[in-house]
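Breakdown of the fold
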Amino acid sequence: MPSAPILWLTAGLILCLMELVLPTAFVELTMGVSALIVGVIAWFVPSLTVQVVLWLLLSIALTVLLRRLLPKRSRTIIEDAKEAKTLTEIAPGETGRVLYEGNSWQARCEDDRMTIAPDQRVYVVGRRGTTLIVIPESLVQL
């Protein structure tokens, strides 16, 4: 049976290689690097309990550290109350199409009981996935 340091080093290499095949936002990579470090330390510290605890602590610390160093992802935010125009009717509780910033988007009325006719001006008030949430201009002018 291979010694503990060899097992740690093998597990570390496998985890690092798995990150290349199955990207997990660097979680496997940090666990692999931690296993490699523990593999080196295992030559001097024979206690398996200490090795496992050290691996867990290193994995958590490296993951947290790496997350803080990575740039934040920018989110695409649709500004509230931007104008759009319906291309199709938006039936109550259903989706239709609107022309928004030069592109056709799937849209749903914020009020699930309201129908919006085609060629009507609407305001975009939000987004759920790729569906815009709109309200008719008539509601804004009340």
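Residues numbered from 1 in each chain as written. Predicted model: local features only at pLDDT ≥ 70, side-chain atom pairs only at ≥ 80, totals over all residues. Heavy atoms only, no water.

On to the sheet that holds strand S4 (residues 121-128), then. Pairing within the closed barrel is mixed, and its 5 strands lie in the order S1-S2-S3-S5-S4. Neighbour-to-neighbour, the strand axes of this sheet turn through a mean angle of 55°, independent of strand direction. Here strand S1 (residues 82-86) pairs with S4 via 4 bridges, running antiparallel. Its bridge partner lying in S4, Ala-84 is registered against Val-122. (Pairing = 2+ DSSP bridges. Helix = DSSP H or I, 4+ residues; strand = E, 2+ residues; numbered from the N terminus. Axes fitted to C-alpha atoms, helices over the stretch in contact; angles between N-to-C directions.)

When you line up the elements, Leu-29 lands in helix H2 (residues 27-41). Accessibility expressed as a relative area gives 28% for Leu-29, which makes it partly exposed. Taking the C-alpha atoms as reference, Leu-29 lies 22 Å from Trp-43; in sequence the two are 14 residues apart. Non-local contacts of Leu-29, meaning those with residues more than four positions away in its chain, are made with Leu-15, Cys-16 and Glu-19. (Buried < 20%, exposed > 50% of the residue type's maximum accessible area, 1.4 Å probe, protein only. Contact = heavy atoms within 4.5 Å.)

Right, let's get into a nonpolar patch on the surface. A cluster of nonpolar side chains, Ile-14, Leu-17, Met-18, Leu-20, Val-21 and Leu-22, forms an exposed patch at the surface whose accessible area comes to about 610 Å². Counting through the fold element by element, Leu-20 comes out in helix H1 (residues 4-21). Judged by its relative accessible area of 68%, Leu-20 is exposed. (Patch = residues over 30% accessible without salt bridge, like charges linked within 9 Å, V, L, I, M, F, W, Y side chains within 5 Å. Areas by Shrake-Rupley, 256 points an atom, 1.4 Å probe, with all protein chains shown as cover. Salt bridge = Lys/Arg side-chain N within 4 Å of Asp/Glu carboxyl O.)

For the rest of this paragraph, the subject is the pattern of salt bridges. Applying the stated criterion across every chain yields a total of 4 salt bridges. Notably, a salt bridge pairs Arg-113 with Asp-111, separated by 3.3 Å at the nearest N-O pair. Assessed through its relative accessible area of 73%, Arg-113 is described here as exposed. The partly exposed category is assigned to Asp-111, whose relative accessible area is 25%.

This next bit is on the side chain of Glu-19. Among the structural elements, Glu-19 can be located in helix H1. Put simply, Glu-19 is tucked away with no salt bridge, and the nearest opposite charge, on Arg-67, sits 8.3 Å away. A polar contact is formed between the side chain of Glu-19 and the backbone nitrogen of Phe-26, at a distance of 3.3 Å. Setting aside residues no more than four positions away along its own chain, Glu-19 makes contact with Thr-24, Ala-25, Phe-26, Val-27, Glu-28 and Leu-29. (Lys, Arg positive; Asp, Glu negative; His and termini not counted. Polar contact = N/O pair within 3.5 Å; in protein donor to acceptor, adjacent residues only side chain to side chain.)

The subject of this paragraph is the pairing of strand S3 (residues 103-109). Pairing of strand S2 (residues 95-100) with S3 involves 6 bridges; the strand directions are antiparallel. Bridge pairing links Leu-99 to Ser-104 in S3. Taking the residues that link successive antiparallel strands as the turn, the S2-S3 hairpin has 2 residues, and the phi of Glu-101 there is positive, at about 50°. With 4 bridges connecting them, S3 and strand S5 (residues 131-136) associate as parallel partners.

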